[in-house]
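The residues making up each chain are set out below.
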Amino acid sequence: EDQVTQSPEALRLQEGESSSLNCSYTVSGLRGLFWYRQDPGKGPEFLFTLYSAGEEKEKERLKATLTKKESFLHITAPKPEDSATYLCAVQAIKAAGNKLTFGGGTRVLVKP
Amino acid sequence: DAGVTQSPTHLIKTRGQQVTLRCSPKSGHDTVSWYQQALGQGPQFIFQYYEEEERQRGNFPDRFSGHQFPNYSSELNVNALLLGDSALYLCASSLEGRGLFFFGQGTRLTVV
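It should be emphasised that the depicted structure is a prediction, and the values quoted were computed from it without experimental measurement.

Reading the values: the criteria
- Residues numbered from 1 in each chain as written.
- Chains lettered and ligands numbered in written order.
- Predicted model: local features only at pLDDT ≥ 70, side-chain atom pairs only at ≥ 80, totals over all residues.
- Heavy atoms only, no water.
- Core = buried A, V, L, I, M, F, W, Y, C linked by side-chain atoms within 4.5 Å.
- Buried < 20%, exposed > 50% of the residue type's maximum accessible area, 1.4 Å probe, protein only.
- Helix = DSSP H or I, 4+ residues; strand = E, 2+ residues; numbered from the N terminus.
- Contact = heavy atoms within 4.5 Å.
- Buried area = accessible area lost by both parts, 1.4 Å probe.
- Nonpolar A, V, L, I, M, F, W, Y, C, P; charged D, E, K, R; others polar.
- Phe/Tyr/Trp six-rings, centres within 6.5 Å; stacked < 30°, edge-to-face > 60°.
- Lys NZ or Arg CZ within 6 Å of the ring centre and 35° of its normal.
- Disulfide = S-S within 2.5 Å.
- Pairing = 2+ DSSP bridges.
- Axes fitted to C-alpha atoms, helices over the stretch in contact; angles between N-to-C directions.

K.L.:
Describe the nonpolar core, naming the residues involved and giving the relevant values.
P.N.:
Counting 22 residues, the largest nonpolar core has Leu 21, Leu 33, Trp 35, Leu 73, Tyr 86 and Val 108 of chain A as the members making the most contacts within it. For this core, the elements supplying multiple residues, two or more each, are β2 (10-14), β3 (19-26), β4 (30-38), β5 (45-50), β7 (62-66), β8 (70-75), β9 (84-92) and β11 (106-111) of chain A. Examining the composition of this core, we find that four residues originate from one element, β9 of chain A, more than from any other. With near-sequence residues (within four places) excluded, Val 108 of chain A lies in contact with Leu 11, Leu 13, Leu 21, Ile 75, Asp 82, Ser 83, Ala 84 and Tyr 86 of chain A. Ile 46, Phe 47, Phe 64 and Ala 87 of chain B belong to the second-largest nonpolar core, a separate cluster that totals 20 residues.

What follows is the structure, given as structure tokens:
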């Protein structure tokens, strides 16, 4: 069974204090690993898809990396508007219909 | 271009009642998935519809059922509501064969 574990569960940062979020996964053949951002009471917003170990993607202050067992979401010099829950999900090659298996998320709070 | 839209945004029901939630996929998308997200947790896959048929189902009881219409819109029905069914229900759409899912804003269901 596919599993995704995210750590830490919560992260409090000062504005400008860079940090990393971890997503560990086990899947029988990875089709893709996804990062989403979710604001309170809203639906997840797509950030990145990573497909193979060594791949990296960047968007503004966010950078996602992928190894064979985990992914990291690096937040560089965060601003208060980066406060959100960040969700990691995997998609298995064998998954009919490409369903996503999510981790529990990391709640990030950036204080000015 | 409208994204994924869900209705209603909020709903309060009594235990034992039945509820129907609705989803219109992003323009051009033909596949709809439903997820349940309890407070403080990651989304859990309920089922997916493609070509008006349920293609894959997660670990949810038969009280949860769905439908997809010829215009690709979808409904999620939950019978005999339990207090534990209180959650944010998310609809995600994609184009068949493409693994990238876009989410709606969700329907917040409260069972009292």
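Moving on, there is more to tell.
K.L.:
Tell me about the interface of chain A and chain B, and name the residues and values.
P.N.:
Counting residues at the interface gives 19 residues for chain A and 20 residues for chain B. Across the chain A/chain B interface, buried area totals approximately 1,500 Å², and carbon plus sulfur atoms make up 56% of it. Broken down by secondary-structure element, the contributors of at least two residues to the side of chain A that touches chain B are β4, β5 and β9 of chain A. The element that contributes the greatest number of residues to the side of chain A that touches chain B is β4 of chain A, accounting for three residues. Within the side of chain A that touches chain B, the residues separate by chemical class into eight nonpolar, nine polar and two charged.

K.L.:
Help me get a handle on the packing of aromatic side chains, residues and values and all.
P.N.:
All chains considered together, the criterion is met by 11 aromatic pairs over all chains. The interplanar angle of 70° and the centroid separation of 6.0 Å between the aromatic rings of Phe 102 of chain A and Phe 103 of chain B together place this pair among those described as edge-to-face. One end of the pair, Phe 102 of chain A, is in strand β10 (residues 101-102); the other, Phe 103 of chain B, is in strand β10 (residues 102-103), on a second chain. Relative accessible area serves as the criterion here: at 6%, Phe 102 of chain A is assigned to the buried category. Between Phe 47 of chain B and Tyr 49 of chain B, the aromatic rings sit 5.3 Å apart at their centres with planes inclined by 85°, giving edge-to-face as the arrangement. Its relative accessible area of 0% is what places Phe 47 of chain B among the buried residues. Take Tyr 49 of chain B: its relative accessible area is 5%, and that puts it in the buried class. Counting every residue linked through ring pairs, the aromatic cluster contains Phe 34, Tyr 36, Phe 46 and Phe 102 of chain A together with Tyr 35, Phe 45, Phe 102 and Phe 103 of chain B. Lying across the ring of Phe 102 of chain B, Lys 26 of chain B places its NZ or CZ 5.4 Å from the centre.

K.L.:
An account of the state of the cysteines is needed here, citing residue identities and associated values.
P.N.:
Residue and element names in this part refer to chain B. As enumerated under the stated definition, the model contains two disulfides over all chains in all. Here Cys 23 pairs with Cys 91 through a disulfide, and the sulfurs are 1.8 Å apart. On the sign convention where negative is left-handed, the bridge of Cys 23 and Cys 91, at about -60° about the S-S bond, is left-handed. With a gap of 68 residues between them, Cys 23 in strand β3 (residues 19-24) and Cys 91 in strand β9 (residues 87-94) connect regions that are remote in the sequence.

K.L.:
Break down the environment of Leu 11 of chain A for me, with residues and values.
P.N.:
Residue and element names in this part refer to chain A. Structurally, Leu 11 is set in strand β2. Overall, the relative accessible area of 15% leaves Leu 11 in the buried class. Once the C-alpha coordinates of Leu 11 and Leu 21 are considered, the two residues, 10 residues apart in sequence, prove to be 8.7 Å apart. Beyond its immediate chain neighbours, meaning those up to four positions away, Leu 11 contacts Ser 19, Leu 21, Thr 106, Arg 107, Val 108 and Leu 109.

K.L.:
Can you break down the sheet that holds β8 of chain A residue by residue, with the values?
P.N.:
All names here are of chain A. Ordered by their spatial adjacency, five strands build an open sheet running β1-β3-β8-β7-β6, and the pairing between neighbours is antiparallel. Every other strand in the sheet has two partners, leaving β1 (3-7) and β6 (56-59) as the edge strands with one partner each. Direction aside, neighbouring strands of the sheet carry axes that sit 15° apart on average. Bridging between β7 and β8 involves five bridges; their strand directions are antiparallel. Opposite Lys 63, over in β8, you have His 74 as the bridge partner.

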